[in-house]
Amino acid sequence: MRECVRRPSNWQAVESLPGYLGRHGVVAIDGIDTRALTRHLREQGALRGVITTDDLDAGAAVRRARSLPLMEGQDLTSDVTCAAPRVEGQGSFTVAAFDFGLKQNIVRRLNAAGCAVLRLPADTPAGTVLDHAPDGIFISNGPGDPAAAIGAIETLRELGLRAPELPTFGICLGHQLLALAHGGSTYKLKFGHHGGNHPVQDLQTGHIDITSHNHGFTVREGRDGDRRVVADVPELEITHVNLYDGTVEGFRHVERPLFAVQYHPEAAPGPHDARHHFDDFVTALWARRRG
């Protein structure tokens, strides 16, 4: 921030901002020109950076930042997944959820929609998933380059071949992995999408949801005649687009009960415009059960 207020004046304050951040182990800096930083990032795109309390000159700090690995080519899912399978919540259905960095509020939303969540480690084989006989498949958000998650892509491809009838729902990284598993491609955005104020339009209804985002990669778009589809995958029809830059925000399979969105309908604290996707998923679960 430009300047930190170290002596709070609000009558309800019980501690200072530096005290609060320190108590929670959060690093912060002030005394910088935040507008200049914004302009620099606007021109250069997302960059590696270092915040340090070491006594470094600017050149040494820059060299340290440049020594950090780029996001491209990194599969980080194994760093954030759960150690073993576990069931969370109860419901009419059991959903096998790949934990690539699964947000807890996704579990809450699935539970609220009537699903018990079987949380699975990122490296769970397709055969093991099917041995649990789930009613549906969920693919979570997570960090890293989606194209580098080769094992996850192969597993999702196998699940699609062996159990195409299972309703499948992906969010964020899950959206990207499903596109890749079907033969699509992804690319890195210059800035990425972050924050809770992105307008996303449903191409079928024209309705616009204000949505929460936190991602640096996106699915590549293509054309199949007049249809907007995932590039090279005509069976994946694009359903949602970002109104800021036109990038792909959602798709569905034209024959199978499979859909995915790039944004976060489980957003906590919000916005909550897109929560209906969880209900859409449960509708697909009921449709399969009823035959």
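(A) Examining the pattern of salt bridges more closely. Applying the stated criterion to the full structure yields 14 salt bridges. A salt bridge links arginine 64 to aspartate 54; the nearest nitrogen and oxygen atoms lie 3.3 Å apart. Here arginine 64 is found in helix α3 (residues 58-66), whereas its partner aspartate 54 is found in the loop between α2 (34-44) and α3, with ten residues between them in sequence. Its relative accessible area of 43% is what places aspartate 54 among the partly exposed residues. Arginine 86 is the salt-bridge partner of glutamate 88, the closest N and O atoms lying 3.2 Å from each other.

(B) Quick peek at the environment of threonine 211. By the element assignment, threonine 211 lies in strand β7 (residues 208-219). When the C-alpha positions of threonine 211 and glutamate 154 are compared, they lie 30 Å apart, and in sequence the two are 57 residues distant. Those residues in contact with threonine 211, other than ones at most four positions away along the chain, are Gly195, Gly196, Asn197, His198, Val200, Tyr263, Pro271 and Ala274. Looking at threonine 211, its side chain comes within polar contact range of the side chain of histidine 213, at 2.9 Å.

(C) The arrangement of the nonpolar core in detail. Ranked by size, the top nonpolar core spans 33 residues in total, and within it Phe98, Phe100, Ile139, Leu156, Leu177 and Phe251 carry the most contacts. When residues in this core are grouped by element, the largest group, six residues, is from helix α8 (residues 173-181). Sequence-distant contacts of phenylalanine 98, defined by excluding residues within four places in its chain, comprise Leu120, Pro121, Ala122, Thr124, Val129, Ile137, Phe138, Ile139, Ser140, Thr155, Leu156 and Leu159. Ala97, Ala113, Ile171 and Ala274 belong to the second-largest nonpolar core, a separate cluster that totals 23 residues.

What counts as what
Residues numbered from 1 in each chain as written. Predicted model: local features only at pLDDT ≥ 70, side-chain atom pairs only at ≥ 80, totals over all residues. Heavy atoms only, no water. Salt bridge = Lys/Arg side-chain N within 4 Å of Asp/Glu carboxyl O. Helix = DSSP H or I, 4+ residues; strand = E, 2+ residues; numbered from the N terminus. Buried < 20%, exposed > 50% of the residue type's maximum accessible area, 1.4 Å probe, protein only. Contact = heavy atoms within 4.5 Å. Polar contact = N/O pair within 3.5 Å; in protein donor to acceptor, adjacent residues only side chain to side chain. Core = buried A, V, L, I, M, F, W, Y, C linked by side-chain atoms within 4.5 Å.

These values are about where atoms sit, not about what they do.
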